[in-house]
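These are the residues of each chain, in order.
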Amino acid sequence: MLGAIDRDRYDVIPVGITREGAFVLEDDDPAKFPLDAEHLPEVVDNGSRVRWPEPGGDRTLRVVHTDGTVEGLGEIDIVLPILHGTHGEDGTIQGYFDTLEVPYAGGGVLDSALCMDKHFMKIALEAAGIAVAPWVTVRRRDWAANAATIREDAAALGLPLFVKPARAGSSVGVSKVDAPDELDAALALAFAEDDKVLIETGVVGREIEVAVLESADGVRASLPGEIVLTSRGFYDFEGKYLGGDGVDVVCPAELAPAEVTAIQEAGIRAFEAVDGRGLARVDMFLTAAGELVVNELNTMPGFTPISMFPKCWVASGLSYGDLISELIEAGLRR
């Protein structure tokens, strides 16, 4: 994204967050943050400390250098929080910027928190009349106290099943269960990420994704794309971010015009059901009977060159750079 943003329109100040939670001034170098199997990027603590403006005061972003000197970096117009997972797309950082009265692009507190928690996301979608896969939600304490009942509830959902942490992203901790004796190990893997886990019926159908964007003309949806699995069991972390073998990300998908319209309408309905802001990638299944079953919404989808969200907008006639500009402008309008 650093390499694609329009530098004629925007002055960029890259801010990184270390694993310990320190805000540091980063290098404005796209080559420093490749995403591949050999190099997973990480923000290293370089000793600097970024100081966000206080609410009600001036909008200057400052940095404290390692020698103690303080430098003003310029007034903030907007923050583009390209963050995944806990504290990044769960409403936490969004609430922080709301408190600081700093404008930001993308999802707000409510839609970010809702969509990060797959349990409550499903409840919101169901309340809006949107089809979701049947599921049961399991807490760690319930599994420890009454595993036999939970196994019975899971058996009633049929096979295959998908077991996933309620509040993890990027398919981390997700397992496909093809036999009853695989359930316990799948739950153990999911509970390692979260103490609340979903067991879902595996929906048979084409895996369709549509990109939704909030613009000056209202909410609109891209041409749909499709995840085509050739040898991989499901669309896991490696397939999503590292370009692993066994999965093809195709956009636009081969669909009839009526199917394209239905998918776009379903994506926008799902976005509005969670009070969506800025953008989202809506993932769904298209069954052989023509039913659309929404799997999840991602309020800060992947922005790598192989990611579905930018690929679908490029296929829809919006360049990577213009997509970033649309996202920024939507945040500024708010």
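Residues numbered from 1 in each chain as written. Predicted model: local features only at pLDDT ≥ 70, side-chain atom pairs only at ≥ 80, totals over all residues. Heavy atoms only, no water.

On to the overall build of the protein chain, then. Scanning the protein chain for helices and strands turns up 10 helices and 15 strands. By the compact-globule yardstick of 20 Å for 334 residues, the protein chain fits well, its C-alpha radius of gyration being 21 Å. By its C-alpha atoms, the protein chain is 65 × 50 × 40 Å across when sized along the principal axes. Here the protein chain holds 334 residues, and 48% of them are scored as buried. For the protein chain, the proportion of contacts with a sequence separation of at least 24, taken over those separated by at least 6, is 59%. As displayed, the protein chain has an accessible area near 15,600 Å², and 51% of this comes from carbon and sulfur atoms. (Helix = DSSP H or I, 4+ residues; strand = E, 2+ residues; numbered from the N terminus. Rg over C-alpha atoms; globule rule 2.2 N^0.38 Å. Buried < 20%, exposed > 50% of the residue type's maximum accessible area, 1.4 Å probe, protein only. Contact = heavy atoms within 4.5 Å. Areas by Shrake-Rupley, 256 points an atom, 1.4 Å probe, with all protein chains shown as cover.)

With that settled, consider empty space enclosed by the protein. Across all of its chains, the model carries 2 cavities of 30 Å³ or more by this definition. Taken as a whole, the second largest cavity encloses approximately 30 Å³ of empty space. For the second largest cavity, the full set of lining residues is Pro81, Gln94, Ala105, Gly106, Gly107, Ser112, Thr299 and Met300. (1 Å grid on protein atoms, 1.4 Å probe; cavity = no way out; pocket = protein on both sides within 12 Å on 5 of 7 lines; lining within 4 Å. Points joined across faces, edges and corners; volume = space filled by probe spheres on them.)

So, about the UniProt feature "binding site: Mg(2+) 1" (unreviewed entry) in the protein chain. Residues annotated by UniProt as "binding site: Mg(2+) 1" (unreviewed entry) correspond here to Asp283 and Glu296. Residue position: Asp283 is located in strand S14 (residues 279-286). Given the relative accessible area of 6%, Asp283 is considered buried. Setting aside chain neighbours within four positions, we find Asp283 in contact with Ile208, Glu209, Val293, Val294, Asn295 and Glu296. Here Glu296 shows up in strand S15 (residues 292-298). (UniProt positions renumbered as here; feature names shortened; annotations may be inferred.)

Let's shift gears to the packing of helix H2 (residues 109-116) against helix H3 (residues 118-127). Where H2 meets H3, the closest approach of the two axes is 5 Å, and the angle between their N-to-C directions is 110 degrees. Taken together, the axes of H2 and H3 are roughly perpendicular relative to one another. In this structure, H2 uses Leu114, Cys115 and Met116 to contact H3, whose residues at the interface are Lys118, Phe120, Met121 and Ala124. Looking at the contact of H2 with H3 residue by residue, the class counts come to 6 nonpolar, no polar and 1 charged. (Axes fitted to C-alpha atoms, helices over the stretch in contact; angles between N-to-C directions. Parallel < 35°, antiparallel > 145°, perpendicular 65-115°, else oblique. Nonpolar A, V, L, I, M, F, W, Y, C, P; charged D, E, K, R; others polar.)

Below, the discussion takes up the domain arrangement of the protein chain. Domains assigned within the protein chain are domain 1 (1-76), domain 2 (112-131 + 204-333) and domain 3 (135-201). Distance from the C-alpha centre of domain 1 to the C-alpha centre of domain 3: 38 Å. (Domains from an automatic or database assignment.)

Strand pairing within a sheet occurs via backbone hydrogen bonds; the two strands may be parallel or antiparallel. Read from one edge to the other, the open sheet built from 4 strands follows the order S6-S9-S7-S8, with strand pairing classed as antiparallel. Across the chains shown, the open sheet's two edge strands, defined by having one partner strand only, are strand S6 (135-139) and strand S8 (175-177). With strand direction ignored, the average angle separating the axes of adjacent strands in the sheet is 25 degrees. Relative to S8, strand S7 (residues 161-165) runs antiparallel, the two sharing 3 bridges. Following the sheet pairing, Phe162 is matched in S8 by Lys176. (Pairing = 2+ DSSP bridges.)

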